[in-house]
Amino acid sequence: MAANSSTGSATEPPGLETQWREIDNLNQQQLRSGDSWYLLDKRWYDQWKEYVHAGDQNSSSYPGKIDNTELYEDLDSYHLKERLSENEDFVLVPAEAWHKLLSWYDMMDDQTPLERKVVDLPSTVKVEVYPVEIYLCLSSNMESTVSACFSRAEKIHAIHQKIRQHFNVSETAESRLWMRSTDTSSERLRNLNMTVLDTCLSSGMTVIMEIRNADGTWPTSRPQIMRNSADEDSYRGPPGVCGLTNLGNTCFMNSALQCLGNTPPLTEYFLRNSYLEELNFTNPLGMKGEIAEAYADVIKQMWSGRHYSVVPRVFKTMVGHFASQFLGYQQHDSQELLSFLLDGLHEDLNRVKKKEYIELRDADGRPDQEVAEEAWHNHLRRNDSVIVDTFHGLFKSTLVCPECNKVSVTFDPFCYLSVPLPVSKERVMEMFYVSLDPTAKPTQYRLIVPKAGRVIDLCTALSQATGVPPNQMAVADVFNHRFYRIYQADESLSCILDRDDIFVYQLSGGCVDQESEEVVMAIYMRERSHYRDYGSGSNSYSTSLFGHPLLMSVPRTQCTREDLYQLLLKRLARYVRPLDPSEEVEKEEEEELYKAQTNGVSDDEGEEDSEEAGPSKKEEETQESGRAEEQNNCQSEASPSSEGEERAEEEESSSEPDRGSSTEEGQSACGSTDTNSQDATDGDQSAGAEPSGKEEEDEDEEEEEEEQAASCAQANKRFLGRQRYTERQKKALFTIQAVNSSGTTERGMGEADGGFSFSSQPYIAIDWDPDMKKKYYNENEAEKYVKHQSMDVPHQQTTVQLQECIELFTTVETLEEENPWYCPTCKKHQLATKKLDLWSLPEVLIIHLKRFSYTKYSREKLDTIVEFPLRDLDFSGFLLKKTVNSTEPPCRYDLISVSNHYGGLRDGHYTSYARNKDNGQWYYFDDSKVTYAREEQIVTSAAYLLFYQRQDKIRQPTVPPPIPSSSQPENHVSSQTHDGMDGASSCVSMETD
């Protein structure tokens, strides 16, 4: 801070009075920030004052040479003593006074002038007597430090240069500084233009210089690199051919980074460190340079040519810090991230440090050229960065009031073009049609329906192909062996996604409602476990759904268990083999069945119900079942004695707790199931009786039958009971249970007449015993279906040209009610017509294809194929500003990268294609995987963001393109041709929105 004095001999001083007057006048000047003042030993200064006041140049009080020895701690280092006080130990004189005294009296040999700076502190301006003494070192060797003193008014750049000089760091080496106050606490010194005071540097602290590695990483962030089985330190590959690791649903970010990272002008700007001089740390709209630095780190790593893949964790964290919508690991839109990133980079690199207020003016009839130049000039007064230089263009906006015809013309800058896609009024839907014919397999159809239509329109289209009236159809979404949703005829088709499995069922009648004579039943297939599920808190058997569910309309008069059983047998006839009368139940199995069921009751909940049902209940059940069997001729000869024997047998079995008395197996004897003892009665009735409700009429007859049954021989009771249940078991392939819509929770059902009662959509489960299912249910046949000839017609995706989308962008439209325009003439808001026209285009043009359509009524993703040229995209026909002279840039563009989105609204995967600026080769980037790409693969229905560069700015490749070879590392660039959809499908399963 101060050089050694080389004063030589002192000059002839003026008179003593003149000396005093000149020095005293100079000492009266005010302190100004940045000025230099000098310390003088107070004893020497007092002696000088005595000498000049004495008026005698030969006086013994002559002070001699300036001597500051008493101020130094030691004469070797010339460090100032601590806790020196002004006007007691030293005095301060301004630089001019110091130089006069030095020229008159000289200074002691080998002493250095004690120069100090005036600093502007928050509350005062003062001379900095004790500067900040800090230690300097390199991150590679932190044991070797050197101390240096800096004024609080000096900038960090001075420290930066001091370290470079002392440690011989090359000026071309990229470095950054860290401030360390303790062994565990370090902070980046980002802004080199800040002062030592502003950065809170204090004596004793250490400033460390970190030099970027050759692979683009920093020594402190080395663990962020994706390690590979091969030694990555020795890897050398094409710069820019580097994947980005998926951190968890971050494919949207990786896709945008690959496209932006393969934009030549922006990438070269960061690679040559031009951004370091333009970082804007004071912009209130920016991110203090942190987004720009984080992005630069990713780009330098990707383009170092030393990595297979980079982990952008720090960048992801930084983005989430400044844009909370990107926090966490949810899937997002790559265009939204790109928009944020471009705006963040622009504000962090904005060359305008202080934005001025500019009042916008309307055209008011002025020529377009004049208004456009004024608008662009005003834009640059507030926004001037590499992002503006590279990506910003200008379009003309024309608003016309529908009432007074006021025309408002403005010119506005844009960073990318969001162009709409032509929306088709029709959509293609696939579904499975299930006929009433039980022998017919389901048929798969592909139909064209109105995009804004309703479910009835789907039924109408299917009706034309099948001949079945639309009102005899029910439409449902099947998922995981159950009905995810059963649609009403007036519901919108937008509720049905293309990936949904839609089944259309033919019903026997017309539209069914609460007042109809028929009810539509939802039928599930369930397989019962061999073992009870005690872990669920009950002792029932667990079940699992399988197969395809059914919708079936059933007359309300046939909603009895036996009738339903017979109807289901017919409905399932194609893949369920009926029982053969000659098949017998094995003796051991018969014994187990008898032990497990009494009075047609299973042991599922038998112990519970046997305790709840009293003797009178059992007698009533026996009476009703005996009457029902007699009416339906279930036995070859019905007699009072045989019925009495049955009743006695049932009473005996019900008295044994281990046999149980639940109603469930009683219903299974008739192909039905339930959970209460009352329904057991209904089950016995439905086994062979009409649900006519004649109980009250036949009470006397039933009492007589009870008396006759009581007189039966006890020896025949067990045999007859076993014979009865063996015969019933032959008739039951499965049981029936009322369940909830998920098919998991069983519900009680039934009425006194043995029928079902439903207050809402009924759901019925067909429960199969595993052995019975294996023997009688043909799973292969149940899964078979046929394809209608409409499926053989290739699904023609809608194809449009990119130029058509741009034409739509420039089409006149009327403003929506939510976004009216205030007409200055009418003095009110109007739904004006608006037209956008392109005026000037940037060097790199980003085109956003608006595939995601959102309205108040629907949401959808458009899979339209947009055919875009890879070369010679000509915008001359769309520009209002015509070329005036040969100096104007051309309007032809070549494609340099594409961001793709595969999937739908609820899930998807992002990838990208990019052309390497060095070798001209196209690559396909799928997160950390990179493959070679052919030009014919690039145009797909997944294209979402298109990056074009003006032809006059495209440089020829500097290196020859590589030759694809199978010897490349397996997880890096391979010669495998990559079809976009196939590549995406393998990744979609790992990522879900």
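Residues numbered from 1 in each chain as written. Predicted model: local features only at pLDDT ≥ 70, side-chain atom pairs only at ≥ 80, totals over all residues. Heavy atoms only, no water.

*Asks:* Quick question: what am I supposed to make of the overall build of the protein here?
*Replies:* Each helix and strand counted, the protein has 25 helices and 40 strands in total. Residues counted as buried form 50% of the 993 residues belonging to the protein. Looking at the protein alone, contacts between residues at least 24 apart form 74% of all its contacts between residues at least 6 apart. Approximately 47600 Å² of the protein is accessible, and the part contributed by carbon and sulfur atoms is 47%. (Helix = DSSP H or I, 4+ residues; strand = E, 2+ residues; numbered from the N terminus. Buried < 20%, exposed > 50% of the residue type's maximum accessible area, 1.4 Å probe, protein only. Contact = heavy atoms within 4.5 Å. Areas by Shrake-Rupley, 256 points an atom, 1.4 Å probe, with all protein chains shown as cover.)

*Asks:* Explain the sheet that holds strand 18 (residues 482-487) here, please?
*Replies:* Two strands in a sheet stick together by hydrogen bonds in their backbones, pointing the same way (parallel) or opposite ways (antiparallel). One open sheet accounts for six strands, arranged 18-17-19-15-16-25; its pairing is mixed. Every other strand in the sheet has two partners, leaving strand 18 and strand 25 (786-787) as the edge strands with one partner each. Of the pairings in the sheet, the one linking strand 15 (residues 426-434) to strand 16 (residues 443-450) comprises eight bridges and is antiparallel in character. The partner of Glu430 across the bridge, within strand 16, is Arg446. Against the sheet, helix 12 (residues 455-466) contacts strand 15, strand 16, strand 17 (473-479), strand 18 and strand 19 (502-506), and its axis sits at roughly 125 degrees relative to strand 16. (Pairing = 2+ DSSP bridges. Axes fitted to C-alpha atoms, helices over the stretch in contact; angles between N-to-C directions.)

*Asks:* Would you explain the sheet that holds strand 8 (residues 186-189) in this entry?
*Replies:* Spatially, five strands are ordered 6-5-9-7-8 in an open sheet, and the strand pairing comes out mixed. Every other strand in the sheet has two partners, leaving strand 6 (141-150) and strand 8 as the edge strands with one partner each. Along the sheet, successive strands turn relative to each other by an average axial angle of 30 degrees, direction set aside. Where strand 5 (residues 132-138) lies against strand 6, six bridges are found, and the strand directions are antiparallel. Within the sheet, the bridge partner assigned to Leu136 lies in strand 6 and is Val146. Along the sheet face, helix 4 (residues 156-167) touches strand 5, strand 6, strand 7 (175-180), strand 8 and strand 9 (206-211) and points at about 50 degrees away from the line of strand 5.

*Asks:* Help me out: how do you make sense of the environment of Asn254 in this one?
*Replies:* Note that Asn254 resides in helix 5 (residues 251-261). Taking C-alpha positions, Asn254 is 6.2 Å from Asp927, a pair spaced 673 residues apart along the chain. Among the polar contacts listed, one links the side chain of Asn254 to the backbone oxygen of Thr245, at a separation of 3.4 Å. (Polar contact = N/O pair within 3.5 Å; in protein donor to acceptor, adjacent residues only side chain to side chain.)

*Asks:* Which parts of the structure should I look at to understand the pattern of salt bridges?
*Replies:* When the charged atoms of two side chains with opposite charge come close together, those side chains can pair. Scanning all chains against the criterion turns up 38 salt bridges. With its nearest N and O atoms 3.0 Å apart, the salt bridge here joins Lys300 to Glu174. Here the residue Lys300 occupies a position in helix 7 (residues 290-302), and Glu174 occupies one in the loop between helix 4 and strand 7, the gap between them amounting to 126 residues. Both residues of the pair, Lys300 and Glu174, belong to the buried class. Note that Asp368 is salt-bridged to Lys396, the shortest N-O span being 2.9 Å. Remark: Lys396 occurs in strand 12 (residues 393-400) and Asp368 occurs in helix 10 (residues 368-382); sequence separation between them is 28 residues. Residue classification places Asp368 among the partly exposed residues on the basis of a relative accessible area of 27%. With a relative accessible area of 12%, Lys396 lands in the buried category. Taken together, the salt bridges that share partners define one network made up of Glu174, Arg212, Asp297 and Lys300. (Salt bridge = Lys/Arg side-chain N within 4 Å of Asp/Glu carboxyl O.)

*Asks:* What's the story with the pairing of strand 24 (residues 763-768) in this structure? I'm lost.
*Replies:* Two faces, one strand: in a regular strand the side chains alternate between the faces of the sheet. With six of six residues buried, strand 24 lies mostly within the body of the structure. Of the two faces of strand 24, both are covered, the one formed by Tyr763, Ala765 and Asp767 as well as the one formed by Ile764, Ile766 and Trp768.

*Asks:* Explain the side chain of Asn283 here, please?
*Replies:* The residue Asn283 is located in the loop between helix 6 (264-271) and helix 7 in this model. By relative accessible area, Asn283 is classed as buried at 4%. Only 3.0 Å separates the side chain of Asn283 from the backbone nitrogen of Leu285, close enough to count as a polar contact. Excluding residues that lie within four positions of it along the chain, Asn283 makes contacts with Lys288, Glu347 and Asn350.

*Asks:* What exactly am I supposed to notice about unusual backbone geometry here?
*Replies:* Peptide bonds are, in most cases, trans, and in most cases residues other than glycine have a negative phi. Look at Arg83: it is not a glycine, yet its phi comes out positive at around 60 degrees. Structurally, the position occupied by Arg83 is in the loop between helix 2 (42-54) and strand 2 (90-94). Even without a glycine there, the phi angle at Asn249 is positive, about 60 degrees. Tracing the sequence through the fold places Asn249 in the loop between strand 10 (243-244) and helix 5. Overall, Asn249 belongs to the buried group, its relative accessible area being 13%.

*Asks:* Before we go on, may I ask you to explain the packing of helix 1 (residues 16-27) against helix 2 in this structure?
*Replies:* When two helices pack together, their arrangement is captured by the angle between the axes and the distance separating the axes. Between helix 1 and helix 2, whose axes approach to 8 Å, the crossing angle comes to 135 degrees. Classified by the angle their axes make, helix 1 and helix 2 are oblique. Counted together, Leu16, Gln19, Trp20, Ile23 and Asn27 of helix 1 and Tyr45, Trp48, Lys49, Tyr51, Val52 and His53 of helix 2 form the full contact between these two elements. A per-class count over the contact of helix 1 with helix 2 returns seven nonpolar, three polar and one charged. (Parallel < 35°, antiparallel > 145°, perpendicular 65-115°, else oblique. Nonpolar A, V, L, I, M, F, W, Y, C, P; charged D, E, K, R; others polar.)

*Asks:* Help me understand helix 3 (residues 95-105) in this model?
*Replies:* Side chains of residues three or four places apart in an α-helix project in the same direction, reflecting 3.6 residues per turn. Those residues of helix 3 lying buried are Ala97, Trp98, Leu101, Leu102, Trp104 and Tyr105. The arc enclosing the buried residues of helix 3, seen along the axis, measures out at 165 degrees, which places them on a common side. Tucked inside the fold, the buried residues of helix 3 contact helix 1, strand 1 (36-41), helix 2 and strand 2. Asp106, located one to two residues past helix 3, shows a positive phi value of around 70 degrees. (Arc of directions from axis to C-beta.)

*Asks:* Even after reading the chapter, I still don't get the environment of Phe90, so can you show me in this structure?
*Replies:* Summarising the element assignment, Phe90 is placed in strand 2. By relative accessible area, Phe90 is classed as buried at 2%. Taking the C-alpha atoms as reference, Phe90 lies 9.7 Å from Tyr38; in sequence the two are 52 residues apart. In contact with Phe90, other than residues within four places in its own chain, are Leu39, Leu40, Asp41, Lys42, Leu71, Leu84, Ser85 and Val129.

*Asks:* I keep staring at the packing of aromatic side chains and nothing clicks. Help me out?
*Replies:* When we look at a pair of aromatic rings, we describe it by the centre distance and by the angle of the planes. Within this structure, the stated rule accounts for 33 aromatic pairs. Aromatic pair Tyr62 and Tyr105: ring centres 6.0 Å apart, planes at 45 degrees, arrangement tilted. Of this pair, Tyr62 sits in the loop between helix 2 and strand 2 while Tyr105 sits in helix 3, and the two are 43 residues apart along the sequence. Residue classification places Tyr62 among the partly exposed residues on the basis of a relative accessible area of 42%. What links up through ring pairs into an aromatic cluster is the set Phe432, Phe483, Phe503, Tyr505, Tyr524, Tyr763 and Tyr785. Between Arg188 and the ring centre of Trp178, over which it is positioned, the NZ or CZ distance is 5.8 Å. Taking the ring centre of Trp303 as reference, the NZ or CZ of Lys917 above it sits at 4.9 Å. (Phe/Tyr/Trp six-rings, centres within 6.5 Å; stacked < 30°, edge-to-face > 60°. Lys NZ or Arg CZ within 6 Å of the ring centre and 35° of its normal.)

*Asks:* It is not clear to me how the pairing of strand 30 (residues 833-840) should be interpreted in this structure. Could you clarify?
*Replies:* Strand direction decides the pairing type here: strand 12 and strand 30, joined by seven bridges, are antiparallel. Of the residues in strand 30, the one forming a bridge with Leu394 is Ser840.

*Asks:* Just checking my understanding: could you explain the side chain of His332 for this structure?
*Replies:* Relative to the elements of secondary structure, His332 occurs in the loop between helix 8 (313-322) and helix 9 (334-348). Overall, His332 belongs to the buried group, its relative accessible area being 18%. In this structure the side chain of His332 is engaged in a polar contact, spanning 3.1 Å, whose partner is the backbone oxygen of Gln325. Excluding residues within four positions of it along the chain, His332 makes contact with Phe252, Gln325, Phe326 and Tyr910.

*Asks:* How should I be thinking about helix 6 in this particular structure?
*Replies:* Of all eight residues that make up helix 6, seven are buried, and the element is covered over most of its length. Buried within helix 6 are the following residues: Pro264, Pro265, Leu266, Thr267, Glu268, Tyr269 and Phe270. Once helix 6 finishes, Asn273 follows within two positions and takes phi at roughly 65 degrees, a positive value.

*Asks:* Any chance you could explain the confidence of the model for the protein here in plain terms?
*Replies:* In low-pLDDT segments, the atomic positions of the prediction should not be examined closely. When pLDDT is averaged across the protein, the result is 78; 75% of the residues are at 70 or more. For the stretch residues 223-231, pLDDT sits under 50, and the model shows 19 contacts to residues farther than four places along the chain or on other chains. pLDDT under 50 marks residues 966-972. Its contacts with residues more than four places away, or in other chains, come to 12 contacts. (pLDDT = per-residue confidence, 0-100.)

*Asks:* What should I look at first to understand the nonpolar core in this one?
*Replies:* Within soluble globular proteins, side chains that are nonpolar tend to cluster in buried spots. Formed by 50 residues in total, the largest nonpolar core has its most connected members in Leu260, Phe270, Tyr295, Phe315, Leu345 and Phe391. When contributions to this core are tallied by element, the ones reaching two or more residues are helix 5, helix 6, helix 7, helix 8, helix 9, helix 11 (386-391), strand 31 (844-850) and strand 40 (943-950). With eight residues, helix 7 is the largest single contributor of residues to this core. With sequence-adjacent residues up to four places away left out, Leu260 is seen in contact with Leu266, Thr267, Tyr295, Leu338, Leu341, Leu342, Leu345, Phe391 and Phe947. Within the second largest apolar cluster, 44 residues are counted, among which are Phe483, Ala522, Leu568 and Leu572. (Core = buried A, V, L, I, M, F, W, Y, C linked by side-chain atoms within 4.5 Å.)

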